[in-house]
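Remarks on the overall topology
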Amino acid sequence: MDGLFSAVQSGDRRAALEAIRDRLAAELVEADGRDAASIAKELRTTLSELDALPGGEESKLDDLAARRAARRADAASG
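Now for a description of the structure that goes with this document. Since we're looking at a predicted model, the values are computed, not measured.

Observations regarding the environment of Arg 13
The residue Arg 13 is located in helix 2 (residues 13–30) in this model. A sequence separation of 57 residues divides Arg 13 from Ala 70, and the C-alpha atoms of the two residues are 23 Å apart. If we ignore the near neighbours within four places in the chain, the residues touching Arg 13 are Glu 49 and Leu 53.

A short note on the layout of surface pockets
Roughly 290 Å³ of volume is contained in the largest pocket. Considering the residues around the largest pocket, the lining is formed by 18 residues, among which Ala 25, Leu 28, Val 29, Ala 65 and Ala 69 are closest to the centre. Taken together, the elements giving at least two residues each to the lining of the largest pocket come down to helix 2, helix 3 (33–52) and helix 4 (60–77). If you tally residues by element for the lining of the largest pocket, the top one is helix 4, at eight residues.

Notes on helix 2
Taking 1.5 Å of rise per residue, the 18 residues of helix 2 would be expected to cover 26 Å, and the 26 Å separating its terminal C-alpha atoms lies within 8% of that figure. Taken together, the buried positions of helix 2 are occupied by Ala 16, Leu 17, Ala 19, Arg 21, Leu 24 and Leu 28. N-cap assignment for helix 2: the residue whose side-chain oxygen lies 3.1 Å from the backbone N of Arg 14 is Asp 12.

As for the nonpolar core
Counting 14 residues, the largest nonpolar core has Leu 28, Ala 36, Ile 39, Leu 43, Leu 47, Leu 50 and Ala 73 as the members making the most contacts within it. Those elements that provide at least two residues to this core are helix 2, helix 3 and helix 4.

Looking at the side chain of Thr 46
Relative to the helices and strands, Thr 46 resides in helix 3. Sequence-distant contacts of Thr 46, that is, excluding residues within four places in its chain, are made with Leu 17, Ile 20, Arg 21 and Leu 24.

Cut-offs applied
Residues numbered from 1 in each chain as written. Predicted model: local features only at pLDDT ≥ 70, side-chain atom pairs only at ≥ 80, totals over all residues. Heavy atoms only, no water. Helix = DSSP H or I, 4+ residues; strand = E, 2+ residues; numbered from the N terminus. Contact = heavy atoms within 4.5 Å. 1 Å grid on protein atoms, 1.4 Å probe; cavity = no way out; pocket = protein on both sides within 12 Å on 5 of 7 lines; lining within 4 Å. Points joined across faces, edges and corners; volume = space filled by probe spheres on them. Expected span 1.5 Å × (residues − 1). Buried < 20%, exposed > 50% of the residue type's maximum accessible area, 1.4 Å probe, protein only. Polar contact = N/O pair within 3.5 Å; in protein donor to acceptor, adjacent residues only side chain to side chain. Core = buried A, V, L, I, M, F, W, Y, C linked by side-chain atoms within 4.5 Å.

Right under this line is the structure:
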(Lines give C-alpha, C1' and ligand atoms only; values in the text may rest on other atoms or scores of the structure.)
Protein backbone atom coordinates (compact mmCIF):
# COMPACT_ATOMS: atom_id res chain seq x y z
CA MET A 1 0.00 0.00 0.00
CA ASP A 2 2.92 2.33 0.74
CA GLY A 3 4.04 2.20 -2.91
CA LEU A 4 0.59 3.26 -4.06
CA PHE A 5 0.45 6.14 -1.58
CA SER A 6 3.94 7.33 -2.55
CA ALA A 7 3.15 7.13 -6.26
CA VAL A 8 -0.03 9.18 -5.85
CA GLN A 9 1.72 11.72 -3.64
CA SER A 10 4.53 12.14 -6.17
CA GLY A 11 2.21 13.88 -8.61
CA ASP A 12 3.43 11.63 -11.44
CA ARG A 13 0.21 10.50 -13.12
CA ARG A 14 1.80 7.57 -14.92
CA ALA A 15 3.42 6.27 -11.73
CA ALA A 16 0.15 6.65 -9.84
CA LEU A 17 -1.83 4.81 -12.51
CA GLU A 18 0.77 2.05 -12.67
CA ALA A 19 0.60 1.64 -8.89
CA ILE A 20 -3.21 1.50 -9.06
CA ARG A 21 -2.97 -1.02 -11.90
CA ASP A 22 -0.66 -3.23 -9.85
CA ARG A 23 -2.87 -3.00 -6.77
CA LEU A 24 -6.02 -3.85 -8.74
CA ALA A 25 -4.31 -6.80 -10.41
CA ALA A 26 -3.23 -8.16 -7.02
CA GLU A 27 -6.75 -7.74 -5.63
CA LEU A 28 -8.28 -9.39 -8.68
CA VAL A 29 -6.30 -12.56 -8.09
CA GLU A 30 -7.99 -12.94 -4.70
CA ALA A 31 -11.47 -11.73 -5.65
CA ASP A 32 -14.55 -13.80 -6.48
CA GLY A 33 -17.83 -13.20 -8.25
CA ARG A 34 -19.15 -9.66 -8.33
CA ASP A 35 -16.06 -8.32 -6.59
CA ALA A 36 -13.88 -9.77 -9.35
CA ALA A 37 -16.06 -8.26 -12.05
CA SER A 38 -15.96 -4.85 -10.39
CA ILE A 39 -12.20 -4.94 -9.91
CA ALA A 40 -11.69 -6.12 -13.50
CA LYS A 41 -13.73 -3.18 -14.75
CA GLU A 42 -11.61 -0.74 -12.75
CA LEU A 43 -8.46 -2.45 -14.01
CA ARG A 44 -9.58 -2.08 -17.63
CA THR A 45 -10.37 1.60 -17.03
CA THR A 46 -6.97 2.16 -15.45
CA LEU A 47 -5.23 0.39 -18.33
CA SER A 48 -7.12 2.56 -20.80
CA GLU A 49 -6.02 5.69 -18.97
CA LEU A 50 -2.43 4.49 -19.06
CA ASP A 51 -2.69 3.80 -22.78
CA ALA A 52 -4.02 7.32 -23.35
CA LEU A 53 -1.04 8.98 -21.68
CA PRO A 54 1.54 10.30 -24.12
CA GLY A 55 5.05 8.93 -24.25
CA GLY A 56 4.59 5.46 -22.85
CA GLU A 57 3.83 2.11 -24.33
CA GLU A 58 2.26 -0.76 -22.50
CA SER A 59 4.44 -3.83 -22.65
CA LYS A 60 3.15 -7.01 -24.22
CA LEU A 61 3.33 -8.65 -20.81
CA ASP A 62 1.14 -5.93 -19.28
CA ASP A 63 -1.37 -6.34 -22.09
CA LEU A 64 -1.38 -10.12 -21.71
CA ALA A 65 -1.83 -9.87 -17.93
CA ALA A 66 -4.71 -7.42 -18.31
CA ARG A 67 -6.48 -9.61 -20.86
CA ARG A 68 -6.02 -12.69 -18.68
CA ALA A 69 -7.38 -10.85 -15.64
CA ALA A 70 -10.40 -9.62 -17.60
CA ARG A 71 -11.15 -13.14 -18.89
CA ARG A 72 -10.94 -14.59 -15.40
CA ALA A 73 -13.18 -11.91 -13.99
CA ASP A 74 -15.75 -12.40 -16.74
CA ALA A 75 -15.71 -16.16 -16.15
CA ALA A 76 -16.05 -15.71 -12.39
CA SER A 77 -18.99 -13.36 -12.71
CA GLY A 78 -20.58 -15.74 -14.94
